[in-house]
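Residue strings, one per chain:
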Amino acid sequence: EVRQVFISDLHLSPEEPALVQAFLALLDDCLALPVLKRLFILGDWFEVWIGDDAYLTLSDDARQTHWLTPLIAKLKQLRINGCEILVMHGNRDFLLGQPFCNLFGGELIDEPYMLTIGQQHYRLEHGDALCTDDKKYQFFRKIMRNRLTQWYLLNKSLEKRLAIAEKMRQKSQQNNANKAAHIMDVNDEAVIQAVANSDALLHGHTHRPDIHQATTDKKRYVLGDWRLIDKEKRQPTVSAVIGVMITNEHSDSNKANFELVEFSSL
Ligand code: OKV
Ligand code: MN
């Protein structure tokens, strides 16, 4: 048996060390699995990513104590064990680049990513592009995903970028407070279009983990975000709904078992 693991919306940041610890715990679980072929990170791995240079330009000394360093080390171990690490952009870490992924032998992948298992074609994407009811967001997204915008941002100093990101975050919180829940969910028509050339859809972003029926014969698997439960307790628990695909050693067989499972770590 061969496994593939799917995660998204970890929203890692140095402000939430419990989430970082939980990710390290998941990587330990992954390292303990007999045959893990791939780990997919389907966007919003980080709460905000202002550019690979934020890490890559650190001195050796500064790297040693940086919160990302243990995470890179464990991913590298996983890669050495033979697990491919595939990383997709989310709406918060769209500035993540291949140079950072090279630190652990990861591969940055474009969305949508077509994954073929046996006869089944799974369409993988972050999920924000499906939220077409939120017109303001789609406009914002188009601008942020534009190459010129990204070039403009990456030419600003790290301090400037951090300040811009913080301003945007405040703006977003103001915006979202006035948005109805259904506006921030996927649009049914967008889902039907997205799944048209595949057999199933797999995404995150909405933080509403579930298995939906995209059409009468196609499923839509939604991964969960990583959240702290019992913040008050001295030992915070992190829980997340992740995807696990189990297939036969012979990947041409069409026996694929995909399920959403609860990952939890103390
Ligand atoms: C989401 C919207 C903010 C609308 C910025 C680098 C940069 C990431 C970011 C920060 C803000 C997205 C990612 C957000 C939606 C807004 C404002 C308006 C209309 C940088 C990396 F530019 F600073 F370098 N951001 N966030 N908006 O808070 O999710 O939808 S956000
Ligand atoms: Mn997202």
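Everything below is about the structure printed above this text.
In this text, all values refer to a predicted model and were calculated from it rather than measured experimentally.

Caption draft 1: Structural detail: the coordination of the manganese ion (ligand 2). Taken together, the protein ligands of the manganese ion (ligand 2) are D44 (OD), N91 (OD1), H126 (NE2) and H205 (ND1), with distances of 2.1 to 2.2 Å. Its relative accessible area of 0% is what places H126 among the buried residues.

Caption draft 2: Seen up close, the pattern of salt bridges. A full pass over the atoms with the stated rule returns 14 salt bridges. One salt bridge in this structure joins D128 and R145, with 4.0 Å as the shortest N-O distance. One end of the pair, D128, is in the loop between β6 (120-125) and α6 (135-144); the other, R145, is in the loop between α6 and α7 (147-154), and 17 residues separate them in sequence. R169 is the partner of E166 in a salt bridge, and the nearest nitrogen-oxygen pair spans 3.0 Å. Separated by three residues within a single helix, E166 and R169 lie in helix α8 (residues 158-177), roughly one turn from each other.

Caption draft 3: Inspection of helix α9 (residues 188-195) at higher detail. Looking only at α9, the buried set comprises A190, V191, A194 and V195. The arc that holds the buried residues of α9, viewed along the axis, is 120°, so those residues lie on one side. Exposed residues lying more than 90 degrees from the buried face of α9 are D188 and Q193. Between a side-chain oxygen at the N-terminus of α9 and the backbone nitrogen of E189 the separation is 2.8 Å; the capping residue is N187.

Caption draft 4: Local environment of the sheet that holds strand β7 (residues 200-203). On the basis of which strands lie adjacent, the open sheet formed by five strands has the order β5-β6-β7-β9-β8 and mixed pairing. Of all strands in the sheet, those with a lone pairing partner are β5 (113-117) and β8 (210-215), marking the two edges. Neighbour to neighbour, the strand axes of the sheet diverge by 25° on average, direction disregarded. Judged from the four bridges that link them, β6 and β7 form a sheet pairing that is parallel. Across the sheet, residue E125 finds its bridge partner in β7, namely H203.

Caption draft 5: Looking closely at the site of ligand 1. Residues in close proximity to ligand 1 total 19 residues, the closest being W49, R161, A165, M168 and S172. Contacts to ligand 1 include R92, whose side-chain N or O atom sits 3.4 Å from an oxygen atom. Protein coverage of the free-state accessible area of ligand 1, which is 630 Å², stands at 94%. For the shell around ligand 1, the secondary structure elements donating two or more residues are α6 and α8. Among the elements that line the shell around ligand 1, the one with the most residues is α8, at eight residues.

Caption draft 6: Region of the structure containing the pairing of strand β3 (residues 84-88). Within β3, four of the five residues are buried, leaving the element largely enclosed by the surrounding structure. Bridge count for strand β2 (residues 36-42) against β3 is five bridges, and the pairing is parallel. Bridging from a neighbouring strand, I41 pairs with V87 of β3. Both β3 and strand β4 (residues 107-109) contribute to a ladder of three bridges, which runs parallel. When the bridges of β4 are listed, L86 appears paired with E107.

The rules behind each value
- Residues numbered from 1 in each chain as written.
- Chains lettered and ligands numbered in written order.
- Predicted model: local features only at pLDDT ≥ 70, side-chain atom pairs only at ≥ 80, totals over all residues.
- Heavy atoms only, no water.
- Donors = N, O, S within 2.8 Å, 3.2 Å for Na, K, Ca; no water.
- Buried < 20%, exposed > 50% of the residue type's maximum accessible area, 1.4 Å probe, protein only.
- Salt bridge = Lys/Arg side-chain N within 4 Å of Asp/Glu carboxyl O.
- Helix = DSSP H or I, 4+ residues; strand = E, 2+ residues; numbered from the N terminus.
- Arc of directions from axis to C-beta.
- Polar contact = N/O pair within 3.5 Å; in protein donor to acceptor, adjacent residues only side chain to side chain.
- Pairing = 2+ DSSP bridges.
- Axes fitted to C-alpha atoms, helices over the stretch in contact; angles between N-to-C directions.
- Near = heavy atom within 4 Å.
- Areas by Shrake-Rupley, 256 points an atom, 1.4 Å probe, with all protein chains shown as cover.

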